[in-house]
Amino acid sequence: FGAIITVFFYLRGRHAYISRQLETERLRLAASEGERNKALLQRLQAQIEPHFLFNTLATLDGLIASEPKQARALLEKFTDYLRATLQRTREEKGLLADELAVIDGYLGVMQARLADRLAWGVDVPLELAELPFPPMLLQPLVENAVSHGIETSETGGRIDITAKRENQVLTVEVSDTGIGLQAARAKAGHGIGLANVRERLHLLYGDAAQLDLYANQPSGVTARITMPCQPR
């Protein structure tokens, strides 16, 4: 009887020890995965389209001698954009309004380059602009619309950014009247920014968020993000 009691307490203690070890290992792995995801998110947030930067600098170089006033205006817009972008890439959280401020600076630079070939509008209610929104998540969609839709079109086009909320789901759309989905897909490099956005959405929200593309009529593309109103 004494031997049975001894074995019982030994096994119970052994079970408790193994359970503690497993829980410690689980927490260690969870922390390691969390740090990995955090580092990946920061890397994705910090990506800036190099072609945009180089093209803007090249445009400035060409305008300085021929159109100094226009070059100064472009430089001011470019400075505002870089200031807003660098601040956002250092943040882990933010508001939709912060993202719209970055986009306003970017589109201001692009309009200085494209003149009347680019028009845009933003229709986001104030209460939605104050909702949490991951940094640098919407900008790649706008860059994609400009680079692959508007800039490559002979006549240019328009970009509209809208947001709405149904229950606890936030929907944000970037719609353009550019060259269209099939023509844009045929161009080299198309899709890198979209893959970036999809990866970040998955890391942040899992299956609760997604990015979809739709063809517009008569031309253009709509990129639609659906996500929870509050971060998971």
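The text that follows walks through the structure, step by step, so that each part is easy to find. Keep in mind that this is a model prediction, so the values were computed, not measured.

What about the sheet that holds strand β5 (residues 221–228)?
Then step 1. Read across the open sheet, the five strands follow the order β1-β2-β3-β5-β4; overall the sheet is mixed. With partners counted over all chains shown, the strands left at the sheet margins are β1 (118–123) and β4 (210–215), one partner each. Neighbour-to-neighbour, the strand axes of the sheet open up by a mean angle of 15°, direction not taken into account.
Then step 2. Alignment of β4 against β5, held across six bridges, turns out to be antiparallel. Directly across from Leu 213, in β5, lies its bridge partner Ala 223.
Then step 3. Helix-sheet contacts for helix α4 (residues 96–114) involve β1 and β2 (157–166), and the interaxial angle to β1 is about 165°.
Then step 4. In the packing of helix α6 (residues 139–150) onto the sheet, contacts are made with β1, β2, β3 (169–176), β4 and β5, and the angle to β2 comes to roughly 150°.

Structural notes on the environment of Gln 111
Then step 1. Turning to its location among the elements, Gln 111 is positioned in helix α4.
Then step 2. Among the residues examined, Gln 111 registers a relative accessible area of 32% and is labelled partly exposed.
Then step 3. The contact partners of Gln 111, leaving out residues within four places of it in the chain, are Leu 118 and Trp 120.

Describing α6
Then step 1. Between its terminal C-alpha atoms α6 stretches 15 Å, which fits the 16 Å expected from twelve residues at 1.5 Å a residue.
Then step 2. Listing the buried residues of α6 in full gives Gln 139, Pro 140, Leu 141, Val 142, Glu 143, Asn 144, Ala 145, Val 146, His 148, Gly 149 and Ile 150.

Thoughts on the nonpolar core
Then step 1. Formed by 46 residues in total, the largest nonpolar core has its most connected members in Leu 138, Leu 141, Ile 159 and Ile 225.
Then step 2. If one sorts the elements of this core by residue count, α4 sits on top with nine residues.

Observations regarding the packing of α4 against α6
Then step 1. Between α4 and α6, the shortest axis-to-axis distance is 10 Å and the interhelical angle comes to 15°. The orientation of α4 relative to α6 falls into the category roughly parallel. The two elements α4 and α6 cross, and the hand of that crossing is right-handed. Facing Glu 99, Val 102, Ile 103, Tyr 106, Leu 107, Met 110 and Leu 114 of α4, the residues of α6 in contact are Gln 139, Val 142, Glu 143, Val 146 and Ser 147.
Then step 2. In terms of residue class, the contact of α4 with α6 is made up of eight nonpolar, two polar and two charged.

A closer look at the pairing of β5
Then step 1. Counting buried positions along β5 yields seven of eight residues, so the element is predominantly enclosed.
Then step 2. By the bridge criterion, seven bridges tie β3 to β5 in an arrangement that is antiparallel. The residue of β5 that forms the bridge with Ser 175 is Thr 222.

As for α4
Then step 1. End to end, α4 covers 26 Å across 19 residues, agreeing with the expected 27 Å (1.5 Å per residue, within 8%).
Then step 2. One or two positions beyond α4, positive phi appears at Ala 115, with a value near 55°.

Parameters at a glance
Every residue gets a number counted from 1 within its own chain, in the order that chain's sequence is written. For a predicted model such as this one, the threshold for reporting local features is a pLDDT of at least 70, and the threshold for listing and counting side-chain atom pairs is 80 or more; totals across whole chains, interfaces and linings nevertheless cover every residue. In computing side-chain values, all of the structure's heavy atoms are included and hydrogens and water are not. At least two bridges found by DSSP between two strands are what make those strands a pair. Runs of H or I in DSSP of at least four residues are treated as helices and runs of E of at least two as strands, each being numbered from the N terminus. The angle between two axes is taken between their N-to-C directions and runs from 0 to 180 degrees, where each axis is a line fitted to C-alpha atoms and a helix contributes only its stretch in contact. Contact definition: two residues touch when any of their heavy atoms are within 4.5 Å. Burial classification: accessible surface area is computed with a 1.4 Å probe over protein chains only, and a residue below 20% of its type maximum counts as buried, one above 50% as exposed, and the rest as partly exposed. For a helix, the expected span equals 1.5 Å multiplied by the residue count minus one. The nonpolar core is taken to be a set of buried Ala, Val, Leu, Ile, Met, Phe, Trp, Tyr and Cys residues, with the residues joined through side-chain atoms within 4.5 Å. When an angle is under 35 degrees it counts as roughly parallel; over 145 it counts as roughly antiparallel; between 65 and 115 it counts as roughly perpendicular; any other value is oblique. In this scheme the handedness of a crossing depends on how the near helix is turned from the far one: anticlockwise by less than a right angle means left-handed, clockwise means right-handed. Note on residue categories: nonpolar means Ala, Val, Leu, Ile, Met, Phe, Trp, Tyr, Cys or Pro, charged means Asp, Glu, Lys or Arg, and polar means any other residue, Gly included.

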